[in-house]
Amino acid sequence: AMLWAKQRGLFDRFVDIAYESFWKRELDIDDVEVLERTLSVAGVETAGFRDWLAGPGRALHDEINDQAFQAGVYGVPTYLVDDELWFGREHLPRVAWLLAGRKGPAPTVSNRSFAQ
């Protein structure tokens, strides 16, 4: 559904709508009707979505997955900073430190809340 929305220029809108419920495990991404509803709420046309999903969309999805796996990405969230691969949100302080130019002491691994 994200790839479908992206091809129609509405990726950000779709993600804004789907993101929270997905991460709360309230969005059943295996249910085509749920995906179509979410696309519609985001203003994305759904005519042809099911056929695309079963054919070209599936092939595109599989190709992207294969490329990610070959690059060492096997789950989300995964962060690539220079040549270092970081997996899991507990590494966000370190990723932010790396992106900021390694200023100050390196942070330890933590599982902080985004609300802090």
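Located above this text is the structure these notes cover.
Attention here is on the structure that accompanies the text. These numbers come from a predicted model, not from an experiment. (Residues numbered from 1 in each chain as written. Predicted model: local features only at pLDDT ≥ 70, side-chain atom pairs only at ≥ 80, totals over all residues. Heavy atoms only, no water.)

### Observations regarding helix H5 (residues 56-70)
Where we set the bar: Each helix is a run of H or I in the DSSP string that is no shorter than four residues. Each strand is a run of E no shorter than two, and both are numbered from the N terminus. Multiplying 1.5 Å by the residue count of a helix minus one yields the expected span of that helix.
Its 15 residues give H5 an end-to-end C-alpha distance of 21 Å, which sits within 8% of 21 Å, the value for a rise of 1.5 Å per residue. One or two residues past the end of H5 sits Gly72, with phi positive at roughly 95°.

### Description of the packing of aromatic side chains
So the rule is basically this: Note on aromatic pairs: the rings of Phe, Tyr and Trp (six-membered ring only in Trp) are paired at centre separations within 6.5 Å, and the planes decide the class, stacked below 30 degrees, edge-to-face beyond 60, tilted for the rest. For each residue, the accessible area found with a 1.4 Å probe, counting protein chains only, is set against the maximum for its type, and the residue is called buried under 20%, exposed over 50%, and partly exposed in between. Note on geometry: a ring has a charge over it if NZ (lysine) or CZ (arginine) is within 6 Å of the ring centre and within 35 degrees of the ring normal.
Considering all chains together, one arrives at five aromatic pairs under this definition. Summarising the aromatic geometry, the rings of Trp4 and Phe49 are spaced 5.4 Å apart at their centres and angled 70° between planes, so their arrangement reads as edge-to-face. Of the two residues, Trp4 is situated in helix H1 (residues 2-7) and Phe49 in helix H4 (residues 49-54); the sequence distance between them amounts to 45 residues. Using a relative accessible area of 3% as the deciding quantity, one classes Trp4 as buried. One aromatic cluster in this structure is built from Trp4, Phe49 and Trp52. Over the ring of Trp4 we find Arg8, and its NZ or CZ is 3.3 Å from the ring centre.

### A look at the pairing of strand E1 (residues 78-81)
Stated precisely, the cut-off is as follows: Two strands qualify as a pair provided DSSP detects at least 2 bridges between them.
One ladder, built from four bridges, connects E1 with strand E2 (residues 84-87); its direction is antiparallel. Opposite Thr78, over in E2, you have Phe87 as the bridge partner. Two successive antiparallel strands, E1 and E2, enclose a turn made up of two residues, where Asp82 displays a positive phi of approximately 55°.

### Some details on the pattern of salt bridges
Put simply, the test is: We count a salt bridge whenever a side-chain nitrogen from Lys or Arg sits within 4 Å of a carboxyl oxygen from Asp or Glu.
Applying the stated criterion across every chain, the model contains four salt bridges. The partner of Glu20 in a salt bridge is Lys24, with the nearest N and O atoms 2.7 Å apart. Residue Lys24 is classed as partly exposed on the basis of its relative accessible area of 46%. Residue Asp62 pairs with Arg58 through a salt bridge whose shortest N-O separation is 3.3 Å. In this pair, Asp62 and Arg58 are both assigned in helix H5, four residues apart and thus about one turn of the helix distant. Among the residues examined, Asp62 registers a relative accessible area of 30% and is labelled partly exposed.

### A closer look at the nonpolar core
Quick reminder of the rule: We define the nonpolar core as a collection of buried residues of types Ala, Val, Leu, Ile, Met, Phe, Trp, Tyr and Cys that are connected through side-chain atoms lying within 4.5 Å of one another. The contact criterion used throughout is that any non-hydrogen atoms of two residues lie within 4.5 Å.
Counting residues in hydrophobic clusters, the biggest one holds 13 residues, and the most contacted among them are Trp4, Ala5, Phe14, Leu39, Val44 and Phe49. Every residue in contact with Ala5, bar those within four places of it in the chain, is listed here: Leu10, Phe11, Phe14, Leu39 and Val44. In terms of nonpolar packing, the next biggest core, distinct from the first, is built from five residues, Trp86, Val95, Trp97 and Leu98 among them.

### Observations concerning the packing of helix H2 (residues 11-23) against helix H3 (residues 32-41)
How we decide: Every angle, taken between N-to-C directions, lies between 0 and 180 degrees, and every axis is a line fitted to C-alpha atoms, over only the stretch in contact when it is a helix. For this classification, under 35 degrees means roughly parallel, over 145 means roughly antiparallel, 65 to 115 means roughly perpendicular, and everything else is oblique. Handedness of a helix crossing follows the sense of rotation of the near helix relative to the far helix, less than a right angle counterclockwise being left-handed and clockwise being right-handed. Polar here means any residue outside two lists: the nonpolar Ala, Val, Leu, Ile, Met, Phe, Trp, Tyr, Cys and Pro, and the charged Asp, Glu, Lys and Arg; Gly therefore counts as polar.
Running from N to C, H2 and H3 point in directions that differ by 120°, and their axes come no closer than 9 Å. Overall, the two elements H2 and H3 adopt an arrangement that is oblique. By crossing handedness, the relation of H2 to H3 is classed as right-handed. Residues Arg13, Phe14, Ile17 and Ala18 of H2 lie in contact with H3, whose contacting residues are Thr38, Leu39 and Val41. Its residues placed into classes, the contact of H2 with H3 shows five nonpolar, one polar and one charged.

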